[in-house]
Amino acid sequence: DRLAARGVLFERAYCNQAVCSPSRNALMTGLRSTTLGIYDLPTNFRVAAPNAVTVAQHFRANGWRTESLGKIFHTGHGNHDDSASWSVPSWRPTGGNFALPQNRPGATPPRNPPIELSDAPDSAYPDGKIADEAIRRLRLAREKPSEPFFLGVGFLRPHLPFTAPRKYWDLYRRDAFKLEPITTPPEGAPAYAPTSWGELRKYSDMPGNGPLSEAQQRELIHGYHAAVSYMDAQLGRVTGELERLG
């Protein structure tokens, strides 16, 4: 709410493309997905537009220090960061998405659950670490008042998996969530329109095909809300420090 009050608030949310990397490409370059022609995760945007100037690159070219924390561009799946955009190498948190030992990489079972709640502190999860680093960078920036800066802070939640400390789960009552009454695609929709939940089905306890039970639906909706509130708290820490530093 504090960020909305001081910036431009869009009360309806539309994504440029319903895939991570193309949407980020559009945001950072100002070029629509239909212009770039990229609709997958692996293809770097400079394949289609090698001379594109990203918003961060523009600031950098005009004497600003530009830094990237967390997830700004999509990296992975064969894709990579855009070094032309940043004054220093991009920073990403380490340690994975889970705080509980049994859910970390290498644990058994080999597939991670789609949710986690624990009594771990905020900094045990990626967004808490990103907020910590953003606050550190803001304090460093204040020591160089003559150097303007562009700080891209890319929080990860509420992307799957929905992981957050217990206190954010406790903000909501699971039985209060209303399930979506419409469970079939719109009449006349093309066969490729509905999602197959391919990403969700890679997590443990999720069915390989077919619908989710009502209990699974409520658990995931609960986890999504908890993840949003957790991320929002980290955003509040960063904006609070921005205000404190003047």
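The following refers to the structure shown. Keep in mind that what you see is a predicted model, and the values were worked out from it rather than measured.

### Section: helix 6 (residues 126-142)
Here comes step 1: Its 17 residues place the ends of helix 6 25 Å apart at the C-alpha level, agreeing with the 24 Å of an ideal helix rising 1.5 Å per residue.
Here comes step 2: Along helix 6, the residues that are buried comprise Pro 126, Asp 127, Gly 128, Ile 130, Ala 131, Glu 133, Ala 134, Ile 135, Arg 137, Leu 138 and Ala 141.
Here comes step 3: Contact partners of the buried residues in helix 6: strand 1 (65-70), strand 3 (149-154) and helix 8 (214-245).

### A closer look at unusual backbone geometry
Here comes step 1: Cis geometry marks the peptide bond from Arg 157 to Pro 158; its omega dihedral reads 10 degrees.
Here comes step 2: Note that Pro 158 resides in the loop between strand 3 and strand 4 (162-165).
Here comes step 3: Residue Pro 161 follows Leu 160 across a cis peptide bond; omega there is -5 degrees.
Here comes step 4: Tracing the backbone through its elements, the reader meets Pro 161 in the loop between strand 3 and strand 4.
Here comes step 5: The backbone of His 77 sits at a positive phi, close to 60 degrees, despite the residue not being glycine.
Here comes step 6: Residue position: His 77 is located in the loop between strand 1 and strand 2 (115-118).
Here comes step 7: Looking at His 77, the relative accessible area reads 55%, which means it is exposed.
Here comes step 8: The residue Asp 205 is not glycine, and still its phi comes out positive at about 70 degrees.
Here comes step 9: Note on placement: Asp 205 falls in the loop between helix 7 (166-169) and helix 8.

Definitions and cut-offs
Residues numbered from 1 in each chain as written. Predicted model: local features only at pLDDT ≥ 70, side-chain atom pairs only at ≥ 80, totals over all residues. Heavy atoms only, no water. Helix = DSSP H or I, 4+ residues; strand = E, 2+ residues; numbered from the N terminus. Expected span 1.5 Å × (residues − 1). Buried < 20%, exposed > 50% of the residue type's maximum accessible area, 1.4 Å probe, protein only. Contact = heavy atoms within 4.5 Å.

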